[in-house]
Amino acid sequence: MRPTVEEQLQGTCRILETVVAPCVSDSYARTILDNLIANLRMLKVALPKVAGFLRDDNVATLSLLLAMQPALKTDLVGRIDTAAQAGDPDVADGAAIEERNRLLRALLAEAVCSPDLTPEIRRSIEIHMINRAARAPMRYVPNAPAIITSTPET
């Protein structure tokens, strides 16, 4: 399909930079505009990677949930089993993949509050979350100027 989503985002950035930005004289508004452009550029690069990330995250999260089951209450174990039996959505259905990710993450958020988790399970959760954060394709760091605080000399 032409233009692609990436091409549309690139075109939007170009228009914002060449047409809108020169007309923005307020420094705060310009910082906001620059951050919006940076966010659009991040989306342009990240969007093609999101579905794969979510599919991989769904597999890893479900695996962790299944490993946690011995330490969880029966009703939560049942909901995890139901999610496992539902299987993975069609790879072409991005909304279904995202919805499955929301469901699995909600189950994990509930499971991590279980009082019966062993230190090994807690460490597995920590590793899972660190790995997930490291793989996440959508990372945005604003272009806002750093706030410098100084301490008075003593």
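Residues numbered from 1 in each chain as written. Predicted model: local features only at pLDDT ≥ 70, side-chain atom pairs only at ≥ 80, totals over all residues. Heavy atoms only, no water.

Q: Just to check I follow, could you spell out the overall build of the chain for this structure?
A: A count of helical and extended segments in the chain gives five helices and zero strands. Start at the N end of the chain and walk to the C end: the helices and strands fall as α-α-α-α-α. Here the C-alpha radius of gyration of the chain, 21 Å, is well above what a compact globule of 154 residues would show, namely 15 Å. Its C-alpha atoms give the chain principal-axis dimensions of about 65 × 60 × 20 Å. Of all 154 residues assigned to the chain, the portion counted as buried reaches 27%. Summarising the internal contacts of the chain: among those between residues at least 6 apart in sequence, 70% fall at separations of at least 24. Of the accessible surface of the chain, which amounts to about 10200 Å², a share of 60% is contributed by carbon and sulfur atoms. (Helix = DSSP H or I, 4+ residues; strand = E, 2+ residues; numbered from the N terminus. Rg over C-alpha atoms; globule rule 2.2 N^0.38 Å. Buried < 20%, exposed > 50% of the residue type's maximum accessible area, 1.4 Å probe, protein only. Contact = heavy atoms within 4.5 Å. Areas by Shrake-Rupley, 256 points an atom, 1.4 Å probe, with all protein chains shown as cover.)

Q: Whenever I open this one, the packing of helix α4 (residues 94-111) against helix α5 (residues 119-135) confuses me. Can you help?
A: How two helices sit against one another is set out by the angle between their axes and by the gap between those axes. Packing of α4 against α5 leaves a shortest axis separation of 13 Å and a crossing angle of 145°. Crossing of α4 against α5: the hand is left-handed. Counted together, N101, R105 and L108 of α4 and H128, M129 and R132 of α5 form the full contact between these two elements. When grouped by side-chain class, the residues that make up the contact of α4 with α5 number two nonpolar, two polar and two charged. (Axes fitted to C-alpha atoms, helices over the stretch in contact; angles between N-to-C directions. Left-handed = near helix turned anticlockwise from the far one by under 90°. Nonpolar A, V, L, I, M, F, W, Y, C, P; charged D, E, K, R; others polar.)

Q: Would you mind showing me how to read the environment of M138 here?
A: With respect to the helices, strands and loops of the structure, M138 is situated in the segment after α5. Along the primary structure M138 and A95 are separated by 43 residues, whereas in three dimensions their C-alpha atoms are 17 Å apart. In contact with M138, other than residues within four places in its own chain, are M42, L43, A46 and V50.

Q: I keep staring at unusual backbone geometry and nothing clicks. Help me out?
A: Excluding glycine, a negative phi dihedral is what most residues carry, and trans is how most peptide bonds are arranged. Residue P3 is bonded to the preceding R2 through a cis peptide linkage, with omega at -5°. In this fold, P3 is placed in the segment before α1 (5-20).

Q: I'm lost on the packing of helix α3 (residues 74-86) against α4 in this one. Help?
A: At a minimum axis distance of 11 Å, the contact between α3 and α4 shows a crossing angle of 160°. Here α3 lies roughly antiparallel to α4, going by the angle between them. Relative to α4, α3 is oriented so that their crossing is left-handed. Residue-level contacts link L76, R79, I80, A83, A84 and A86 of α3 to R100, L103, L104, L107, E110 and A111 of α4. (Parallel < 35°, antiparallel > 145°, perpendicular 65-115°, else oblique.)

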